[in-house]
Amino acid sequence: MKLSVLDQSVISEGQTAINALQNTIELAKITEELGYTRFWVAEHHNSNGMVGTSPEILMSQIAANTKKIRIGSGGVLLPQYSPYKVAENFKMLETLFPNRIDVGIGRSPGGSTITRLALTDGIRKSMNEFPRQVADLQDYLFDTNSQPSHNVKAYPSIQTFPEMWLLGVTHRGARLAGEMGTSFTFGHFIHPTNGLYAMETYKRNFQPSKTQSGPKTNVCIFVVCSDTQEKAEEIAVSQDLWLLAVERGLDTRIPSPKQKKLSPRDKEKLMENRKRMIVGTPQKVREEIQRLSDYYQTDEFMIINNTFHFEDKVRTYHLLAEVLLK
């Protein structure tokens, strides 16, 4: 079993963006020592709580403060950008940190319509261009030159190549990842249904590419782990409340884990959201991850934890390493 990390650099109430980014870098150093395989950072925009607006810049700082763990994006929102510029950014990262960089690509629009237009400088780009953009990115990144008409090359020249991952929650994204010959991440933490179909679709449609001969997958899931079930449930309250707020488009900072009065609808939604996560003791978490490993037929899980206290988050990663990586 391999464990990795997705960190969204979320601010806890009473803290600042500086605190959140410092915690992200510190978590990367800790999880590297614990034996985690990769550490990815997210991309969000127009958010008062999720401060990871530029994964490439944050990746560079994390890589400079670690030695061997792979560093990646989870993921760059390609529909808003130029594949050429994305390739330049990641070739630069690969030059600085050879054999340690992952290019995680997402199809998300990046937020509301006005947010997306701000990202594209007012140009209304079609989301239907995503497959073409992925192909162009591969050309520029891996020097395959399947489009000679581009008559342009992305620099710096590199002897090693980043790993390319497509992030998805449906069979359509999975099929594209397979056809393009990239690795595939399924976002169980976003949409836990249809994951098995997506994984099967990816593997069935996989075509070897210049840098990858066979399918490679992982699954991203929320996990809150503590020494007792009671303590894990107590800690998870902050993540439960945060998810409710995010889904309403409200404050995206992580609230304190104090119990709040919830409406029947909120309680129903909270229980639905629990399908996106595992909350419990090390033994329970280990059993659930092993069950999902069999279900998804994958040997790698990316763990995301958005709880209020940084110490509680670190404890989760420590406990998982003890029961799954030792």
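**Q** Mind showing me how you'd approach the overall build of the protein chain here?
**A** If you tally the helices and strands in the protein chain, you get 11 helices and 10 strands. Computed over its C-alpha atoms, the radius of gyration of the protein chain comes to 19 Å, within 12% of the 20 Å expected for a compact globule of 326 residues. Projected onto its principal axes, the C-alpha coordinates of the protein chain cover approximately 60 × 45 × 40 Å. Looking at the protein chain as a whole, 52% of its 326 residues are labelled buried. The long-range share in the protein chain, meaning contacts at least 24 apart out of those at least 6 apart in sequence, stands at 72%.

**Q** How do you make sense of unusual backbone geometry when you look at a structure like this?
**A** The phi angle of most residues is negative, glycine excepted, and most peptide bonds adopt the trans form. The linkage connecting Gly74 with the following residue, Gly75, adopts the cis geometry, with an omega of 0°. With respect to the element layout, Gly75 can be found in the loop between strand 3 (70–73) and strand 4 (76–77). The amide bond that connects Tyr155 to the next residue, Pro156, takes the cis arrangement and shows omega of 5°. As for its position among the elements, Pro156 is in the loop between helix 5 (130–142) and strand 6 (163–168). A positive phi is found at Asn99, a non-glycine position, where the angle reads about 65°.

**Q** Would you mind showing me how to read the nonpolar core here?
**A** As a rule of thumb, soluble globular proteins bury nonpolar side chains together. Core analysis: the biggest nonpolar cluster contains 63 residues, and Tyr36, Phe39, Phe90, Ile105, Ile303 and Leu320 have the highest contact counts within it. The greatest single-element share of this core, amounting to seven residues, is contributed by helix 11 (residues 310–324). In contact with Phe39, other than residues within four places in its own chain, are Val5, Asp7, Thr24, Leu27, Ala28, Thr31, Ile62, Ile69, Arg70, Ile71 and Gly72. Residues Leu6, Ala42, Phe222 and Ala232 belong to the second largest nonpolar core, which totals 21 residues.

**Q** Sorry, what's going on with the pairing of strand 7 (residues 183–187) here?
**A** Working note: regular strand, side chains alternate between the two faces of the sheet. Taking burial as the measure, the five residues of strand 7 include five buried ones, the bulk of the element. Burial along strand 7 is two-sided: Ser183, Thr185 and Gly187 facing one way and Phe184 and Phe186 facing the other are all buried. Pairing of strand 6 with strand 7 involves four bridges; the strand directions are parallel. Bridge pairing in strand 7 links Trp165 to Ser183. Two strands pair when backbone bridges link them, and strand 7 and strand 8 (residues 217–225) are joined in this way by four bridges, in the parallel orientation. Across the sheet, Gly187 pairs through a bridge with Cys220, a residue of strand 8.

**Q** Is there a simple way to explain the side chain of Gln133 in this structure?
**A** Among the structural elements, Gln133 can be located in helix 5. Under the relative-accessibility criterion, Gln133 is labelled buried at 3%. When residues no more than four places from it in sequence are discounted, the contact partners of Gln133 are Leu78, Pro79, Tyr81, Pro83 and Lys125.

**Q** Got a minute to help me understand the packing of helix 8 (residues 229–247) against helix 9 (residues 264–273) in this structure?
**A** Helix-helix packing is characterised by the crossing angle of the two axes and by the distance between the axes. Where helix 8 meets helix 9, the axes come as close as 10 Å, and the angle between the chain directions of the two elements is 110°. With respect to helix 9, the axis of helix 8 lies roughly perpendicular. Across the interface between the two elements, Asp240, Leu243, Leu244 and Glu247 of helix 8 pack against Asp266, Lys269, Leu270 and Asn273 of helix 9. Of the residues contributing to the contact of helix 8 with helix 9, the split by class is three nonpolar, one polar and four charged.

**Q** Mind showing me how you'd approach the packing of aromatic side chains here?
**A** A ring pair, where both rings are aromatic, is described by two values, the distance of the centres and the angle of the planes. Under the criterion given, the structure shown has nine aromatic pairs. Taken together, a centroid distance of 5.9 Å and an interplanar angle of 80° make the contact between Tyr202 and Phe206 edge-to-face. Here Tyr202 matches Phe206 in class, with each residue buried. For the ring pair Tyr295 and Tyr296, a centre distance of 5.0 Å and an interplane angle of 75° mean the geometry is edge-to-face.

**Q** Honestly, the pairing of strand 3 in this entry has me stumped. Any pointers?
**A** Side chains Arg70 and Gly72 of strand 3 all project onto a buried face; the interleaved residues Ile71 and Ser73 project onto the opposite face, where all are buried too. When strand 2 (residues 38–41) meets strand 3, the two strands line up parallel, connected through four bridges. Across the sheet, the residue bridging to Arg38 is Arg70, located in strand 3. Of the crossover connections in this fold, the one passing from strand 2 over helix 2 (residues 55–64) to the parallel strand 3 is right-handed.

Cut-offs used in this document
- Every chain begins its residue count from 1, and numbering advances along the sequence as written.
- Per-residue local features of the predicted model are confined to residues with pLDDT of at least 70, and side-chain atom pairs are confined, for both listing and counting, to 80 or more; whole-chain, interface and lining totals are unaffected and use all residues.
- Side-chain numbers here rest on the full set of heavy atoms in the structure, without hydrogens or water.
- The secondary structure listing takes helices from DSSP runs of H or I that are at least 4 residues long and strands from runs of E that are at least 2 residues long, numbered from the N terminus.
- For the radius of gyration, the atoms used are the C-alpha atoms, and the globule rule reads 2.2 Å times the number of residues raised to 0.38.
- For each residue, the accessible area found with a 1.4 Å probe, counting protein chains only, is set against the maximum for its type, and the residue is called buried under 20%, exposed over 50%, and partly exposed in between.
- What makes two residues a contact is simply this: any of their non-hydrogen atoms within 4.5 Å.
- Only buried residues count toward a nonpolar core, which is a set of Ala, Val, Leu, Ile, Met, Phe, Trp, Tyr and Cys residues joined through side-chain atoms within 4.5 Å.
- Strand pairing is assigned whenever DSSP identifies at least 2 bridges connecting the two strands.
- Every axis corresponds to a line fitted to the C-alpha atoms, with the helix fit spanning only the stretch in contact, and the corresponding angles, defined between N-to-C directions, vary from 0 to 180 degrees.
- For classification, angles of less than 35 degrees are called roughly parallel, those exceeding 145 degrees roughly antiparallel, those between 65 and 115 degrees roughly perpendicular, and all remaining angles oblique.
- Residues are grouped as follows: nonpolar covers Ala, Val, Leu, Ile, Met, Phe, Trp, Tyr, Cys and Pro; charged covers Asp, Glu, Lys and Arg; every other residue, Gly included, is treated as polar.
- Only the six-membered ring of Trp is used, alongside the rings of Phe and Tyr, when aromatic pairs are assigned; centres must lie within 6.5 Å, and planes under 30 degrees apart are stacked while those over 60 apart are edge-to-face, with the rest tilted.
- Looking down the strands as they point away from the viewer, one classifies a crossover as right-handed if the path from the first strand across the helix to the second runs clockwise.

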